[in-house]
Amino acid sequence: MHDVVFKILTTLQWQQLQATGRLGGSPDDLRDGFIHLSTAPQLPGTLAKHFAGQTGLICVAIETVELGAGLRWEPSREGQLFPHFHGTLHLTAVSGHQPCDPVPPAPSANPEPPA
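As a convention, each chain's residues are numbered from 1 in the sequence order in which they are written. Per-residue local features of the predicted model are confined to residues with pLDDT of at least 70, and side-chain atom pairs are confined, for both listing and counting, to 80 or more; whole-chain, interface and lining totals are unaffected and use all residues. The side-chain numbers reported here are obtained from all heavy atoms of the structure, hydrogens and water having been left aside.

With that settled, the discussion passes to helix α1 (residues 11–20). Here the term buried applies to any residue with accessible area under 20% of the maximum for its type, exposed to any over 50%, and partly exposed to those in between, with areas from a 1.4 Å probe on protein chains only. A run of H or I in DSSP counts as a helix once it spans at least four residues, and a run of E counts as a strand once it spans at least two, with each numbered from the N terminus. Among all positions of α1, only Q13, W14 and L17 are buried. For α1, the angular spread of the buried residues around the axis is 100 degrees, confining them to a single face. Relative to its buried face, α1 has exposed residues pointing more than 90 degrees away, namely L12, A19 and T20. For this analysis, residues touch if any pair of their heavy atoms sits within 4.5 Å. On the buried face of α1, the contacting elements are β1 (4–9), β2 (22–23), α2 (27–32), β4 (58–63), β7 (89–90) and β8 (94–99). Following α1 by one or two positions, G21 adopts a phi angle in the positive range, close to 85 degrees. It is the directions from the helix axis to the C-beta atoms that the arc portrays.

Defined by distance alone, a disulfide is two cysteine sulfur atoms within 2.5 Å. Applying the stated criterion across every chain yields a total of 1 disulfide. The disulfide bridge from C59 ends at C100, spanning 2.3 Å between sulfur atoms. Linking C59 and C100, the disulfide has an S-S dihedral of approximately 100 degrees and is accordingly described as right-handed. Here the residue C59 occupies a position in strand β4, and C100 occupies one in the segment after β8, the gap between them amounting to 41 residues. Among the residues examined, C59 registers a relative accessible area of 7% and is labelled buried.

Here we come to the pattern of salt bridges. Each reported salt bridge corresponds to a side-chain nitrogen of Lys or Arg within 4 Å of a carboxyl oxygen of Asp or Glu. This model, assessed by the stated rule, comprises 3 salt bridges. Across the salt bridge formed by K7 and D29, the nearest N and O atoms sit 2.8 Å from each other. On the criterion of sequence distance, the pair formed by K7 in strand β1 and D29 in helix α2 is long-range, its members being 22 residues apart. Summarising the burial analysis for this pair, K7 and D29 share the class buried. Taking the shortest distance from any N to any O, the salt bridge between D32 and R31 comes out at 2.9 Å. The class for D32 is partly exposed, based on a relative accessible area of 32%. Overall, the relative accessible area of 58% leaves R31 in the exposed class. What you see here is one network of salt bridges that share partners, running through D28, R31 and D32.

Here it is as structure tokens:
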């Protein structure tokens, strides 16, 4: 489906991945039993829904070929197929990274007047 998928990490998670060479996932990933990933078009929605108000986030690009049979495309938000990785993420699968803080919401077209 896609050659590259993305994992949104906190700065601490990114540092742990760099230091140990592997990551079992976020608390949500550990709870759900797989690592939540997104395609490039899914990233804005994932950031808005799950990371609103957070800063210091890192988008990590992952080569799907490196994930092997552990990568599954499963229905999630609005029936979209999302990449879910059933395994441990290894640093060797990462092809790049960059900051990816959520975009703040646009100001309202009809802002409230000051009190």
